[in-house]
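Observations on the model geometry
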Amino acid sequence: MWLYYLFLLSPFLIGGSQAHLLEGLYCGKENCYDVLGVTRDDAKQTIARNYRQLAKKYHPDLHKGEKAKQEAEEQFKRIARAYEILRDDEFRADYNYMLDNPDAYYSHYYRYYRRRTKVDVRLVVLATISVISLVQYFSRKQRYEEAIKYFMTVPKYRNKALEIINQNGSVTKKGSSKSKLSKGERKEESERNIRKVIEENLDIQGAYAKPQITDILWVQIILIPYTLAKYVKWQVLWIYKYTLLKRPYDLEDKLYLIRKNMNLGVHQFRGIESEQIDEYLAKELWIKSNYKIWKDAQEEEMKRQMADNPRYKAYRRYMKNHGPGRITFDD
């Protein structure tokens, strides 16, 4: 118990000038003013004079013997570090701020490393946002390319694309005709036309949708005022139309309520097949009571399917006979 009280009293036992000094910042656990033998009120000329005197006293070249040189070198580094901080007005102001505000830990680290690195933190933030935006765009583009390549291999979509190409007539590169193309070139031309038709006619939604400029972090940050204004307007209109006037929900608002009830993201909901969306609308799942009934029915159906599954039956039989957490060699 006495250790706990000793811990609580440690700041007072250490002393007010050292209790709030942080290791790794400025002069560490030492007070820079004490290292140079000056006070906070001393001018730069006094600080410089004391530094020169101490530097001359502890310069390693003026000491003989390995141990004496090593001790002098350590003292010389302490003095040089303290002088580096106190001779610079901005660095000194940050150090004084730390002495006066011992609890602002994060601010101390920010101020110290801002001076030490000589890099504007704002530039680091801008660079970070730019990198994230590039990664966002190229990752979404890669997923879109994967989706297109997949649909080009699916017979249903491939045959439909070929049908559209035959109806409209195949398109070849300018300055060339099919008779002049080799077998390999004709195959490349056909694949290019199939890809073009699929891109134009297939509406890919969800995480594999075609990347849009508005999905990039940079653009989203720039559009924050517009997005907030749009959200406030939407909320006001929602309250006016459906709370005050008691109007029936529009189609888009029904879909929004269904997505909200299902706890799905925008891209997740867009990835659902249109036939399934029509079923949700037919069952009026935007109404919470209807959605709860539908959800309970879905869960019961899933339980029934699992109960009819032979592998699940074997698992239940095993759990009944052996119980959880047992290791057995029985077949």
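Residues numbered from 1 in each chain as written. Predicted model: local features only at pLDDT ≥ 70, side-chain atom pairs only at ≥ 80, totals over all residues. Heavy atoms only, no water.

Contact pair helix H8 (residues 155-168) / helix H9 (residues 183-201): the axes reach a minimum separation of 9 Å and the direction vectors enclose 100°. If you check the angle between H8 and H9, you find them roughly perpendicular. Residues Arg158, Ala161, Leu162, Ile164 and Ile165 of H8 form the contact with H9, whose own contacting residues are Ser190, Glu191, Asn193, Ile194, Val197, Ile198 and Asn201. Here the contact of H8 with H9 is composed, by residue class, of 7 nonpolar, 3 polar and 2 charged. (Axes fitted to C-alpha atoms, helices over the stretch in contact; angles between N-to-C directions. Helix = DSSP H or I, 4+ residues; strand = E, 2+ residues; numbered from the N terminus. Parallel < 35°, antiparallel > 145°, perpendicular 65-115°, else oblique. Contact = heavy atoms within 4.5 Å. Nonpolar A, V, L, I, M, F, W, Y, C, P; charged D, E, K, R; others polar.)

The next thing to look at is the packing of helix H4 (residues 66-86) against helix H5 (residues 89-100). In contact at an axis separation of 6 Å, H4 and H5 are set at 100° when each is read in the N-to-C sense. It follows from the interaxial angle that H4 and H5 lie roughly perpendicular. Side by side, H4 and H5 meet where Glu84, Ile85 and Leu86 of the first sit next to Phe91, Arg92 and Tyr95 of the second. The class makeup of the residues in the contact of H4 with H5 is 4 nonpolar, no polar and 2 charged.

Turning to the UniProt feature "coiled-coil region" (unreviewed entry) in the protein, a few remarks are in order. According to UniProt, the positions carrying the feature "coiled-coil region" (unreviewed entry) are residues 62-89. Strand forms 0% of residues 62-89 and helix 79%; the C-alpha atoms that close the span are 31 Å apart. (UniProt positions renumbered as here; feature names shortened; annotations may be inferred.)

Moving on, we come to the side chain of asparagine 96. Within the element layout of this structure, asparagine 96 appears in helix H5. We classify asparagine 96 as buried; its relative accessible area is 15%. (Buried < 20%, exposed > 50% of the residue type's maximum accessible area, 1.4 Å probe, protein only.)

Okay, unusual backbone geometry next. For residues besides glycine, phi is generally negative; the peptide bonds are generally trans as well. For lysine 246, which is not glycine, the phi torsion reads 60° and is therefore positive. Residue position: lysine 246 is located in the loop between helix H11 (224-244) and helix H12 (251-262). Lysine 246 sits in the exposed class, given a relative accessible area of 64%.

Right, let's talk about the pattern of salt bridges for a bit. By the definition in use, this model includes 13 salt bridges. The partner of lysine 241 in a salt bridge is aspartate 253, and the shortest N-O contact between them spans 3.9 Å. In this pair, lysine 241 is assigned in helix H11 and aspartate 253 in helix H12, connecting sequence segments 12 residues apart. By the burial criterion, lysine 241 is buried, and aspartate 253 matches it. Among the salt bridges present, the one from aspartate 296 reaches lysine 292, with a minimum N-O distance of 3.4 Å. (Salt bridge = Lys/Arg side-chain N within 4 Å of Asp/Glu carboxyl O.)

Our focus in this paragraph is the packing of aromatic side chains. For the structure on display, the rule yields 16 aromatic pairs. Here the aromatic rings of tyrosine 242 and tyrosine 249 are separated by 4.6 Å at their centres, their planes lie at 55°, and the arrangement is tilted. Tyrosine 242 sits in the buried class, given a relative accessible area of 8%. The class for tyrosine 249 is partly exposed, based on a relative accessible area of 32%. Of the aromatic side chains, those joined through ring pairs into one cluster are Tyr231, Trp234, Trp238, Tyr242, Tyr249 and Tyr256. (Phe/Tyr/Trp six-rings, centres within 6.5 Å; stacked < 30°, edge-to-face > 60°.)

Attention now moves to the state of the cysteines. Summed over the entire model, instances satisfying the criterion amount to 1 disulfide. Each disulfide pairs two cysteine sulfurs, and for cysteine 27 the partner residue is cysteine 32, the sulfurs being separated by 2.1 Å. Its torsion about the S-S bond being 115°, the disulfide of cysteine 27 and cysteine 32 is classed as right-handed. The residues cysteine 27 and cysteine 32 share a single accessibility class, namely buried. (Disulfide = S-S within 2.5 Å.)

With that settled, the discussion passes to the environment of isoleucine 132. As for its position among the elements, isoleucine 132 is in helix H7 (residues 121-153). In this structure the C-alpha to C-alpha distance between isoleucine 132 and isoleucine 216, which are 84 residues apart in sequence, comes to 8.5 Å.

Another point: H9. The terminal C-alpha atoms of H9 lie 27 Å apart, and with 19 residues this matches the ideal 27 Å at 1.5 Å per residue to within 8%. What H9 keeps buried is the set Glu189, Asn193, Ile194, Val197 and Ile198. Buried residues along H9 cover an arc of 170° about the axis, so they all sit on one side. (Expected span 1.5 Å × (residues − 1). Arc of directions from axis to C-beta.)

On to the confidence of the model for the protein. Averaged over all residues, the pLDDT of the protein equals 80, while 82% of them reach at least 70. Overall, residues 1-17 carries pLDDT values under 50, and its contacts beyond four positions in sequence, including any with other chains, amount to 5 contacts. (pLDDT = per-residue confidence, 0-100.)

Bringing a nonpolar patch on the surface into the picture now. Where nonpolar side chains cluster on the molecular surface, the patch consists of Tyr105, Tyr106, Tyr109 and Tyr113 and spans about 520 Å² of accessible area. Relative to the helices and strands, tyrosine 105 is located in helix H6 (residues 105-117). (Patch = residues over 30% accessible without salt bridge, like charges linked within 9 Å, V, L, I, M, F, W, Y side chains within 5 Å. Areas by Shrake-Rupley, 256 points an atom, 1.4 Å probe, with all protein chains shown as cover.)

The next thing to look at is the nonpolar core. Of all hydrophobic cores here, the largest spans 24 residues; its most connected members are Tyr26, Cys32, Leu36, Ile85, Leu86 and Tyr95. Secondary structure elements with two or more residues in this core: helix H2 (32-36), helix H3 (44-57), H4 and H5. For isoleucine 85, the residues in contact, after removing those within four places along its chain, are Tyr26, Cys27, Cys32, Phe91, Arg92 and Tyr95. Counting 14 residues, the second-largest nonpolar core is a separate cluster that includes Leu257, Ile258, Leu281 and Tyr291. (Core = buried A, V, L, I, M, F, W, Y, C linked by side-chain atoms within 4.5 Å.)

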